[in-house]
Structure formats: structure tokens, C-alpha cells
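# Coordinates in review
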Amino acid sequence: MACHICVDCGVQHSFASSPPTSCFISQDEREFVGINGLQWTTRQEMLSVHKNKIKCEEEGLYSIRTEPQFAIGQRAFLVQTPNGNILWDCISFLDQNTIDLLKELGGIDAIAISHPHFFGSMIDWSHEFGDVPIYIHENLKNWIARPADCIHFWNGETKDLFDGKLKLVQTGGHFEGSQVLYWPAGASQNGVLLSGDEPHICMDPKQVSFMHSFPNYIPLNARKVMRILERLEPLNYDRLYCAVLSGGGGDGVIRQMAKQIVERSGKRYLKAISDDSD
Ligand SMILES: [Zn+2]
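Structural notes, computed from the coordinates. Every value quoted in this text rests on a predicted model; they were computed, and no experiment measured them.

## Examining the coordination of the zinc ion
Protein-derived ligands of the zinc ion are His115 (NE2), His117 (ND1), His174 (NE2) and Asp197 (OD), with the metal-ligand distances lying across 2.1 to 2.3 Å. Viewed at the metal, the 4 donor atoms of the zinc ion are separated by angles of 92 to 151°, and the geometry they form is irregular. Each donor residue of the zinc ion lies on the same chain, and together they follow the pattern H-x1-H-x56-H-x22-D. Here His115 is found in the loop between strand 8 (110-112) and helix 3 (122-128), whereas its partner His174 is found in the loop between strand 12 (166-170) and strand 13 (179-183), with 59 residues between them in sequence. As far as burial versus exposure is concerned, His115 and His174 are alike and both buried.

Structure (C-alpha cells):
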């Protein structure tokens, strides 16, 4: 018995004696299955191949990334606040070294996930840090590959965590239950927004984008893009971290003027998909 992990999307499925015959996350139109068909691994099998690299991005914020790259190259982030630490988004690989290093940084008190492409081995991560709650928007209820009691579905448009030190904001768009994490004290009190891949930092890090599917180039409609922009509008942030890296000139962060870049990119996107655009 093992919890098998889909090699394409990195999501861990429920305990089973043999690998599942399908992965509804990789096989969804937003993702893809590699040329060799569905393949599976386990955390145990990954131990001999992978390790995690933890990097301090700024005071109170660490990124966690698996090397060599696994699945779609997801990153997770540890955000430290005076009222508790959160793991924002998740990755598949977790070993004792990673657990020890994160415990030295104060451990994890809660987990929140932007959308299914970052579920990774979230249930294992929760268990290893004391069955901490995993906050997922209720519109993602049908996307859970490994149900567990530690998953807390929330509803509505925003949810405060740690007495307002952090806030989850449901944006919809890429998935109906997609959410971002707002950290007002980040970037030296200028505000940080953390996203999974929406807003997505482009090859040109002075632009962001919004897509139904990034690998399959399926855009969002105007109504959904406008809703994302509306939900982000009340937040004051200067910096944006994205949990995937798009290569090019970007390193997964827009250090300054992120809010202006998101708003400008949103207008550009809406113009590009409008009927009277030339
Ligand atoms: Zn995604």
C-alpha cells in the first residue's frame, strides 16, 4: 500500500495497493499527460533522486523547491507571522531534512493551497507538522484526490488567518475555487501577494497573465478576468510571488510596482480578447 504521486501534475492520491489508472488533474484540459502516458511514483521512491532547496526570499518568507525539478516545477512558500506560520501552496516531495529545516524556522501552523495544481502531497505535509489545517476554497471540493479530515473548505470571497496577519482571497478564474494569499506586512510593510499561477508572472517580468490553461494556451473570458481584477483591487501590495517559474527574465517575483503591473496587464488582456481589438 502506498499513496501514489502522479509524475505529471505531482498530486498524491489516496492509499492503494497499485497505482491509479487515471489522474483527473493531469487528464483535465488545463494540464497534460507526458508522451509516455501516466506515470506514478511515491515519496519513498523519490528519496533517492530528489532533495528540497529552501531559500530565504525576504525577511519572513522562504521558498521550497524540489531538485531536480519534479512535475510542473512547483514551489511552496513558508510565510512567518507573529501569530503563526503558513505553508502557501505545496509540493510533492517531503523528506526528514526538509521537516527539520522548517521546524528550525518555526514549523507550519496551517497550509493554504491556491488550486489543484499545487495540492502535491499536502496531506502528508499536514500530518508531518501535527495535522495542521489545510485551507481550500469550497469550489474545489470535487478536485480532491486524497480526502482527509485536515482539509478545511471555506466559502465566501475572503478569509482572514492568524488574526488578520494573512488573508485568503478567492479570485476564481483558472479554477472556480482559485485563491491568492495576501500578506500585508511583507515587502517591508508594503504588502505582498502570493499566487499559484494566477496572476502568472510572464517571461517578461513586467507583465502578468491569466489563463484557463497555461500549457494548452486556453484563455479566460473577460468576465472572469474582470472578477480577478475586482477581487485584487482592494489589496495594497507592492510585490508578487508566483509559485511557478516561467523562465525568461523572471525569477518568480515582481519586486516592486506589482499592483500597477497586474492592473496594466489586466487591461491589456481585456483589450486583446475584445471583439473590437485590432
Ligand atoms: Zn494551474
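## Things to note about the sheet that holds strand 20 (residues 253-254)
Read from one edge to the other, the open sheet built from 6 strands follows the order 11-12-13-14-19-20, with strand pairing classed as mixed. The open sheet has two free edges, formed respectively by strand 11 (158-161) and strand 20, since each of these has just one partner strand.

## Examining the nonpolar core
Generally speaking, a soluble globular protein has its nonpolar side chains buried in company with each other. Membership of the largest hydrophobic core comes to 80 residues, with the highest contact counts inside it found for Met122, Trp125 and Leu194. Not counting the four nearest positions on each side in its chain, Trp125 is found in contact with Ile64, Leu87, Cys90, Ile91, Phe93, Leu94, Thr98, Leu102, Ile108 and Ile111.

## Examining helix 5 (residues 222-232)
All buried positions along helix 5 are accounted for by Val225, Arg227, Ile228, Leu229, Arg231 and Leu232. Its side-chain oxygen 3.2 Å from the backbone nitrogen of Arg223, Asn221 forms the N-cap of helix 5.

## Things to note about the packing of aromatic side chains
One pass over the full model with this rule turns up 5 aromatic pairs. Considering the side-chain rings of Phe24 and Trp143, the 6.1 Å spacing of their centres and the 45° angle between planes classify their relative orientation as tilted. Placement of Phe24 in the loop between strand 2 (12-16) and strand 3 (40-41) and of Trp143 in the loop between strand 9 (134-137) and strand 10 (151-154) is noted, with a sequence separation of 119 residues between them. You can call Phe24 partly exposed: its relative accessible area is 36%. Here Phe210 and Tyr269 contribute two aromatic rings whose centre-to-centre distance is 6.0 Å and whose plane-to-plane angle is 80°, an arrangement assigned as edge-to-face. Placement of Phe210 in the loop between strand 16 (208-209) and strand 17 (211-213) and of Tyr269 in helix 6 (residues 258-272) is noted, with a sequence separation of 59 residues between them. In this structure, Phe210 and Tyr269 share a single accessibility class: buried.

How each quantity is defined
- Residues numbered from 1 in each chain as written.
- Predicted model: local features only at pLDDT ≥ 70, side-chain atom pairs only at ≥ 80, totals over all residues.
- Heavy atoms only, no water.
- Donors = N, O, S within 2.8 Å, 3.2 Å for Na, K, Ca; no water.
- Tetrahedral: all angles 85-135°; square planar, octahedral: opposite > 155°, others 65-115°.
- Helix = DSSP H or I, 4+ residues; strand = E, 2+ residues; numbered from the N terminus.
- Buried < 20%, exposed > 50% of the residue type's maximum accessible area, 1.4 Å probe, protein only.
- Pairing = 2+ DSSP bridges.
- Core = buried A, V, L, I, M, F, W, Y, C linked by side-chain atoms within 4.5 Å.
- Contact = heavy atoms within 4.5 Å.
- Polar contact = N/O pair within 3.5 Å; in protein donor to acceptor, adjacent residues only side chain to side chain.
- Phe/Tyr/Trp six-rings, centres within 6.5 Å; stacked < 30°, edge-to-face > 60°.

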